[in-house]
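Single-letter residue listing:
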Amino acid sequence: MPHPLAPTAEDFLADLGARHLVPPAQAAALAEAARTAPFSINPELRTLLYLGITALAGGLGALLYEHHERLGPGVILTFMTALLALAGWYAARHRPAFTWGVAPRTSVGADYALLLACLLLLGIGGYAQATYGIFGTRYGLATALPAGLFLALAYRYDHRGVLALGLTALAAWVGVSVAPRSLFDLDFGQSALRASAIGLGGGLTAAACHAEWARRKAHFGPTYLALGANLAGVALAATLIDGWDSGGAQLVGVVGLAALAGALYWFARRTQSAWFLVLSAAWGYFLVTYLWVRLMVFSGGNEGVFLLSTGYFVGSAVLIVRFFIGLKRRVLPGGPVP
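Everything in this summary refers to the structure shown in the same document. None of these values were measured; they are calculated from a predicted model. (Residues numbered from 1 in each chain as written. Predicted model: local features only at pLDDT ≥ 70, side-chain atom pairs only at ≥ 80, totals over all residues. Heavy atoms only, no water.)

### A look at the pattern of salt bridges
So, step 1. Here the structure, examined in full by the defined rule, presents six salt bridges.
So, step 2. Between D111 and R105 there is a salt bridge; the shortest N-O distance is 2.8 Å.
So, step 3. Given the relative accessible area of 7%, D111 is considered buried.
So, step 4. The partner of K217 in a salt bridge is D158, with the nearest N and O atoms 3.1 Å apart. Linking K217 in the loop between α10 (191-214) and α11 (221-242) with D158 in the loop between α7 (139-157) and α8 (160-178), this pair joins segments that are 59 residues apart in sequence. Exposure class is identical for K217 and D158. Each is buried.
So, step 5. One salt-bridge network, held together by shared partners, links R105, D111, D158 and K217. (Salt bridge = Lys/Arg side-chain N within 4 Å of Asp/Glu carboxyl O. Buried < 20%, exposed > 50% of the residue type's maximum accessible area, 1.4 Å probe, protein only. Helix = DSSP H or I, 4+ residues; strand = E, 2+ residues; numbered from the N terminus.)

Here's what the structure looks like:
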């Protein structure tokens, strides 16, 4: 399915007709063929299948939880393990050949069987921990093991859904390892937790840029960047705000957000992605506005700075509107991205 901002067949035909490269009658026939061509609903069907697998796993968990006293832990774990083995066997039987590009699909159901197996594994681990305490108080181990396994499976089976599960588990492991009590008292303002979020987010952002640059699982890049950029951005913004009087925190926040906005801009240009271009502009605008507010505060209410600030906010609002108006032109394949 074409990107909603990508040029259509009618756009190409109009351009060819304007340059007199295609006769009008032939252009009209080609345009009619494009309008009457079958419409693919493959992305919609795949989305529904992913939602169905997720709902199946969630419904199965709720059903077993409701009847766990009558069935007993042994029966429940045996049933879930058997279902996990069946799904894993089917996925392994139809696994694609490994490639650094997009692997050809050998079965429609193999992707969803692998996703179901991974969700069942999480369910088994959580239920076994709650019932038998197999990990004791080593909560980090309960997240580190699935994270490593899911990342390995994602590369072997070329599965972006499993990659997202692995990255989520990795983020949970970092949070539990650095500040385990933050999960219970909701104290996410700790400097150690922010530092770990910046490190993990920066690492995922670097992994996305490397995948795109080296062309090794380049289609994994958006998944890495979607989590990494937002995780690092939020942590860096919190560092700037909470560390207002700390020169070291200010330096880390300013340099980090500038680097993040630059990495997002580079990735957006490489992939012609409107979404990451918007993210780059958003974090860049946050950084510039933050620095401007600091200038206003340090000026001590100077009238000239106040008047300039009024112009800054009005002018930036106009630039934001122009940015979104020109967004389509900027992300067209082969088009200029200044």
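Resuming the write-up.
### Overview of the environment of A258
So, step 1. Here A258 lies in helix α12 (residues 247-271).
So, step 2. Assessed through its relative accessible area of 40%, A258 is described here as partly exposed.
So, step 3. Sequence separation of A258 and L287 is 29 residues, and the distance between their C-alpha atoms is 7.4 Å.

### Describing unusual backbone geometry
So, step 1. The backbone of D158 shows a phi angle near 55 degrees, a positive value even though the residue is not glycine.
So, step 2. Phi is positive for R215, close to 60 degrees, though the residue is something other than glycine.

### Considerations on the side chain of T205
So, step 1. Locating T205 in the fold gives a position in helix α10.
So, step 2. Polar side-chain contacts of T205 include one of 2.8 Å to the backbone oxygen of G201.
So, step 3. In contact with T205, other than residues within four places in its own chain, are L225, G228, A229, L260 and A263. (Polar contact = N/O pair within 3.5 Å; in protein donor to acceptor, adjacent residues only side chain to side chain. Contact = heavy atoms within 4.5 Å.)

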